[in-house]
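Tertiary structure, described
Given next are the chains, with one letter for each unit.
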Amino acid sequence: MEFVKPTIEYAELAPLLIVFGVAVVGVVVEAFAPRPLRRPIQLTLSSAGLVAAFAATVWIASGLDVVADGAARGLVAAGGTIIVDGPTVFLWGLVLLFAAGGLMLFAERRLEGGLSAFAGQAAALPGTEAERRASSEGLDHTEVYPLMMFAVGGMLLFPASGDLLTMFIALEVLSLPLYLLCGLARRRRLLSQEAAMKYFLLGAFSSAFFLYGVALTYGFAGSMQLERIAEAVRNDGGNSELLLIGIGMLSVGLLFKVGAAPFHAWTPDVYQGAPTAVTAFMAACTKIAAFGALLRLFHVAFGANRWDWQPMLWAVAILTMLVGAVLAVAQRDVKRMLAYSSIAHTGFLLTGVLGVQATSDLAVGEITSLQAVLFYLATYGFAMVAAFGIVTLVRDAGGEATSFERWAGLGRRSPLVAGAFALLLLSMAGIPLTAGFVGKWAVFTVAMSAGAWPVVAVAIAASAIAIFFYVRQIRLMFFTEPQGEVASVVTPSLFTSSVIAVGVVGTLALGIVPGPVLDLAAHAGQFLR
Amino acid sequence: MSDPVPFIALSAVLFTIGAVGVLVRRNAIVVFMCVELMLNACNLALVTFAKQHGNLDGQVAAFFVMVVAAAEVVVGLAIIMTIFRTRRSASVDDASLLKY
C-alpha cells in the first residue's frame, strides 16, 4: 500500500491553527505563569486569537477560488480531510463572532463582586472549608479559557470536515471541553455538576451511535470521504440496508448535538445547570457548528438519496417544534424556558435543512435551503448570546435569580434591561422588524418550495404557541405586581454590557436590513463537492 | 478473510449489549464502561470493513477512536469522581435536582 504525503494548505487553515495554537499555549501558561498573571495573559491570548482567526477567515473568504462552474467557491485542504468553501467560512465567521461574545461573558467579574462565574477550585467540595477558603482567597479557574478555545477549535473543524473520521474527531474535540465547562459553576454547584454528568453520559452515548454510523457508512461506501460516499450512493450497488442504518445512526449523533426531539432531553437540564456564560456560548456556537456538519453530511454525502432521509427529517422537525413550543409553556424558570425555546428553534432550522432541492428545480434568484439556514443561524446566535447575557445580570442574594416570581415587575425597576430582553424575545418569536422574522420567513419559504407544506403548517402553529410564552414573559416583566422577594439588575462591566448591546443591535439590524447578510449567505454559494 | 458477516454480527451484538447496559444500569461508572464497550464494537466493525474493502481508512479510524476513548475516560472520570465526592453516590438516579 502506497502512502502519499498530504499537502497542508497552512494559509487556508489559518483560523483553525491559530485557535488550536492559542489553546495549547493557554495550557502551558496555566502550568508556568504565576497565579495573579494568569487571567490577564489568558484573556489577552484568547481574545487576540479569536480576533486573528476572524481576520484570517475574512481574508480567506475574500480570496476563495471559484470552482465547479461558479456554483461553489473554495478548496479541498489537508488531503481531502478539511474543506474550506463558502459555507465553511461563513460558519467560521459566525462561530468566531459568538465565541468572542462568550469569551467576554466568561471574563465578567463585577457581577460576583470581583470573582468570575466559575468555581474557585473545582476540586474543593461544595459547602466545605476548602471551598470557602478558595473563595476568600479569590482563586479563579483560568483553565476555562484554554478549554473554551479547544471547544472553538472543534466547532471550526466540525462543519469543515471532508470525511467522517475528521467529523467524529471534531465532534469529540468540541464536546469534551464543554462537558467540563458545564460543571464549573461557582454557585449552585450540585446543579452544575449534575448537568455536567448528564451532558457527558448522554453525549458519549450519542457519539457512540455516531461512530457506529460512521463504521456502517464506511462499510457501504468503502471510503470515509464525503465525496466518495456521495459517489457510492449515486451508483447504489446493493447493501442499501447498511447505508440506511448508517444514515440513521449518524443522524442520532448529530441530532443529539443540535438538541432535536427525541434527543433533546439533555438540553433544558444542561442549559439550566451550566454557568450562564457557558450556556450562552454553547447555545449559540454548538448549534451553529452542528448544523453546519448536519448540512454538509446530508447535502454532500447523502444528497443523492434525499428521498430516503427527508421523511425522517420531516418527522423529527415536526416533533422538535411541538415539543419545544409546548413544553416551554409549562416552564417556571427563565433559563429552562430559553432552553426549550432553543429546541423549538432547532425544529425551525431543521425545516430549512429539509428544504433541499436540486439546483435545477430552483427558480433564478430563489433562496436556497443552505442560505436560509445560514441566515437563521446568524439571527439565532445574536438573540441567544444576548438573552443569556441578560440572565446573568438579574440577581438576588443567592446569585442569579432565574425563577419567574423573581422576574416579576423587572421592567419597572430596570426598564432598559427588561426592554432589551423583551426585544430579544420578540425576535425569537418572529415578530416583524426583528431578525427572527426574516429568519423564519427564509426557512419556511425554502421548505414550502420543496413541497414540505405539512412541516410548514406545524411550524406556523408552533410559532403561534411560542408567541404565547414569549409574550407571557414580557407581561411578567412589565405588567405583573411583584410578590415577595424579587431580583434586581446588577450593573455589569463593559464586557457583558457590550455583548448585550451587540446582540440587540444585531437583532434589530438583521430585522430591518437583512439584505447584506442574506447576500453574504448567498455569496457563500453551495458546498464544494 | 472471506466472510465479514460473523465479525459484523459480533460487533452488532457488542454494540447492543453496550447500549442496553447504558439504559438499564444505574451506576455512572458502569454506564460509562458500557459506552466504552460500544466504542470498541465500532472499532471491530471499522477494522472488519477495512479488511473487506482492502484499504486502511477503517484501521486508521480505529486508532483515532482509541485516542478519543482515552480522552473521554479522563474527562468522564473527572466528572463522575467530583459527583461521587460531593454526593457519596455514583448512581445516576440520585442526581435528580434538574427535571421537567
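Residues numbered from 1 in each chain as written. Chains lettered and ligands numbered in written order. Predicted model: local features only at pLDDT ≥ 70, side-chain atom pairs only at ≥ 80, totals over all residues.

1. Quick word on the pairing of strand E3 (residues 82-85) of chain A
Our working rule: Burial is judged by counting the other C-beta atoms within 10 Å of a residue's own C-beta: 20 or more makes it buried, 12 or fewer makes it exposed, and any count in between marks it as partly exposed, with every C-beta position built from the backbone. Where helices and strands are cited, they refer to DSSP runs of H or I of at least four residues and of E of at least two residues respectively, numbered from the N terminus. Pairing between two strands is assigned when DSSP locates at least 2 bridges connecting them.
On E3(A), burial covers both faces: Ile82(A) and Val84(A) on one face and Ile83(A) and Asp85(A) on the other are all buried. Between the antiparallel neighbours strand E2 (residues 72-77) of chain A and E3(A) lie 4 residues, among them Ala78(A) with a positive phi of about 50 degrees.

2. Description of the packing of helix H5 (residues 144-160) of chain A against helix H11 (residues 276-301) of chain A
Residue and element names in this part refer to chain A. We apply this condition: For helices, the axis comes from a line fit to the C-alpha atoms of the stretch in contact; other axes are also lines fit to C-alpha atoms, and the angle between any two N-to-C directions lies between 0 and 180 degrees. Angles below 35 degrees are treated as roughly parallel, those above 145 as roughly antiparallel, those between 65 and 115 as roughly perpendicular, and all remaining angles as oblique. The crossing is said to be left-handed when, going from far helix to near helix, the turn is anticlockwise and less than a right angle, and right-handed when the turn is clockwise. By the convention adopted here, residues make contact when the C-beta atoms placed from their backbones lie within 7 Å. Classification used: nonpolar for Ala, Val, Leu, Ile, Met, Phe, Trp, Tyr, Cys and Pro, charged for Asp, Glu, Lys and Arg, polar for all others including Gly.
Two elements in contact, H5 and H11, have axes separated by 7 Å at closest approach and are oriented at 25 degrees. Classified by the angle their axes make, H5 and H11 are roughly parallel. Remark: the crossing between H5 and H11 carries left-handed chirality. For the pair H5 and H11, contact is made by Met-148, Met-155, Phe-158 and Pro-159 and by Phe-281, Cys-285, Thr-286, Ala-289, Ala-290, Gly-292, Ala-293 and Arg-296, respectively. In terms of residue class, the contact of H5 with H11 is built from 9 nonpolar, 2 polar and 1 charged.

3. Quick word on the pairing of E2(A)
Inspection of the sheet shows strand E1 (residues 66-67) of chain A paired to E2(A) by 2 bridges, in the antiparallel sense. Residue pairing across strands places Val66(A) opposite Arg73(A), the latter belonging to E2(A).

4. Observations regarding the environment of Phe291(A)
All names here are of chain A. As for its position among the elements, Phe-291 is in helix H11. Judged by local crowding, Phe-291 falls into the buried class, with 26 C-beta atoms found within 10 Å. Linking Phe-291 and Leu-255, residues 36 residues apart in sequence, is a C-alpha distance of 8.9 Å. Excluding residues within four positions of it along the chain, Phe-291 makes contact with Val-258, Leu-349, Val-373 and Leu-377.

5. Here's the deal with unusual backbone geometry
Residues and elements named next belong to chain A. Look at the link from Ala-261 to Pro-262: it is a cis peptide, with omega at 0 degrees. One non-glycine residue, Ala-78, adopts positive backbone phi at about 50 degrees. In the Ramachandran plot, Arg-188 falls in the positive-phi region, its phi being about 50 degrees despite a non-glycine side chain. Structurally, Arg-188 can be placed in the loop between helix H6 (164-182) and helix H7 (189-221).

6. Concerning the sheet that holds strand E6 (residues 488-489) of chain A
Residues and elements named next belong to chain A. Spatially, 3 strands are ordered E5-E4-E6 in an open sheet, and the strand pairing comes out antiparallel. Strand pairing shows two members of the sheet lacking a second neighbour, strand E5 (399-400) and E6, which therefore form its edges. Of the strand pairs in this sheet, strand E4 (residues 394-396) and E6 are connected by 2 bridges, and their pairing is antiparallel. Residue Val-394 lies in a different strand from E6, and its bridge partner there is Val-489.

7. Brief notes about the interface of chain A and chain B
Residue-level contacts link 34 residues of chain A with 35 residues of chain B. At the level of elements, H6, H7 and helix H10 (266-273) of chain A are the ones that each hand at least two residues to the side of chain A that touches chain B. Element by element, the count of residues in the side of chain A that touches chain B is highest for H7(A), at 17 residues. The residue inventory of the side of chain A that touches chain B, partitioned by class, reads 24 nonpolar, 7 polar and 3 charged.

8. Regarding helix H3 (residues 86-107) of chain A
For clarity, the cut-off: Helices are assigned an expected span. That span is 1.5 Å times one less than the residue count.
With 22 residues, H3(A) should cover 32 Å at 1.5 Å per step; its first-to-last C-alpha distance of 32 Å lies within 8% of that length. Most of H3(A) sits out of view: 22 of its 22 residues are buried.

9. Some points on the confidence of the model for chain B
Detailed reading of predicted coordinates is not advised where the pLDDT is low. Residues and elements named next belong to chain B. Note the following rule: The predictor's confidence in any single residue is recorded as pLDDT, a number from 0 to 100.
Chain-level pLDDT for chain B is 92 on average; 97% of the residues reach the 70-or-more range. Ranking the elements of chain B by mean pLDDT puts helix H3 (residues 57-87) last with 93 and helix H1 (residues 5-24) first with 96. ipTM for the predicted complex: 0.97, alongside a pTM of 0.95.

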